[in-house]
Each structure stands twice: as structure tokens, then as C-alpha cells.
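Single-letter residue listing:
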Amino acid sequence: MAIAIKSIPVLKDRAAQAFTESVRVNTANKSSVDFSKQATIASKILAKAKL
């Protein structure tokens, strides 16, 4: 018994424009997360493990 191939949804008109705009905004803000606290903790762990 064969499995049916599902079609890929395609965005059109306003939905496509809204999606493109949200991608552009999110791409511009992707570096807004600060991981300095986690990096400091990881450095301390690695220093303690002598890696």
C-alpha cells in the first residue's frame, strides 16, 4: 500500500508579505539575546575540568 504524498502549502498575497516581513524583522533582531552569563558559567566549568 502506497503512502500519499502531501502537497506543500504555498503562501500567497498578504500572507506571503506578512511572512516575509516577520522573517526580515526576526533576522534583524536575532543577535539581541545576551548569552554572556551562560558563557561565563561554561568557562568556569571548563576551567575547573581543566579542558
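From a predicted model like this one, the values you see are computed outputs, not experimental measurements.

Calculation criteria
- Residues numbered from 1 in each chain as written.
- Predicted model: local features only at pLDDT ≥ 70, side-chain atom pairs only at ≥ 80, totals over all residues.
- Heavy atoms only, no water.
- Helix = DSSP H or I, 4+ residues; strand = E, 2+ residues; numbered from the N terminus.
- Rg over C-alpha atoms; globule rule 2.2 N^0.38 Å.
- Buried < 20%, exposed > 50% of the residue type's maximum accessible area, 1.4 Å probe, protein only.
- Areas by Shrake-Rupley, 256 points an atom, 1.4 Å probe, with all protein chains shown as cover.
- Expected span 1.5 Å × (residues − 1).
- Patch = residues over 30% accessible without salt bridge, like charges linked within 9 Å, V, L, I, M, F, W, Y side chains within 5 Å.
- Salt bridge = Lys/Arg side-chain N within 4 Å of Asp/Glu carboxyl O.

Q: Please set out the overall build of the protein residue by residue, giving values where relevant.
A: Of regular secondary structure, the protein possesses two helices and zero strands. A compact globule built from 51 residues would reach a C-alpha radius of gyration of about 10 Å, whereas the protein, at 22 Å, exceeds it by more than 25%. The C-alpha extent of the protein, read off along each of the three principal axes, is 55 × 40 × 10 Å. Across the 51 residues that make up the protein, the buried fraction comes to 0%. Accessible surface computed for the protein: about 5,400 Å², of which carbon and sulfur atoms make up 63%.

Q: Mind laying out helix α2 (residues 36-48), listing which residues take part and the relevant values?
A: The α-helix advances 3.6 residues per turn, and as a result positions three or four apart in sequence lie on the same side. A rise of 1.5 Å per residue sets the reference length of α2, with its 13 residues, at 18 Å; its end C-alpha atoms lie 18 Å apart and thus fit the reference within 8%. One or two residues past the end of α2 sits Lys50, with phi positive at roughly 60°.

Q: Please set out a nonpolar patch on the surface residue by residue, giving values where relevant.
A: Residues Leu11, Phe19 and Val23 make up a contiguous nonpolar surface patch of about 280 Å² in total accessible area. One can find Val23 in helix α1 (residues 13-28).

Q: Can you lay out the pattern of salt bridges for me, pointing to particular residues and giving the numbers?
A: The tally for this structure, following the rule as stated, stands at one salt bridge. For Glu21, the salt bridge identified is with Arg24, shortest N-O distance 2.6 Å. Here Glu21 and its partner Arg24 are both found in helix α1, three residues apart, which amounts to about one turn of the helix.

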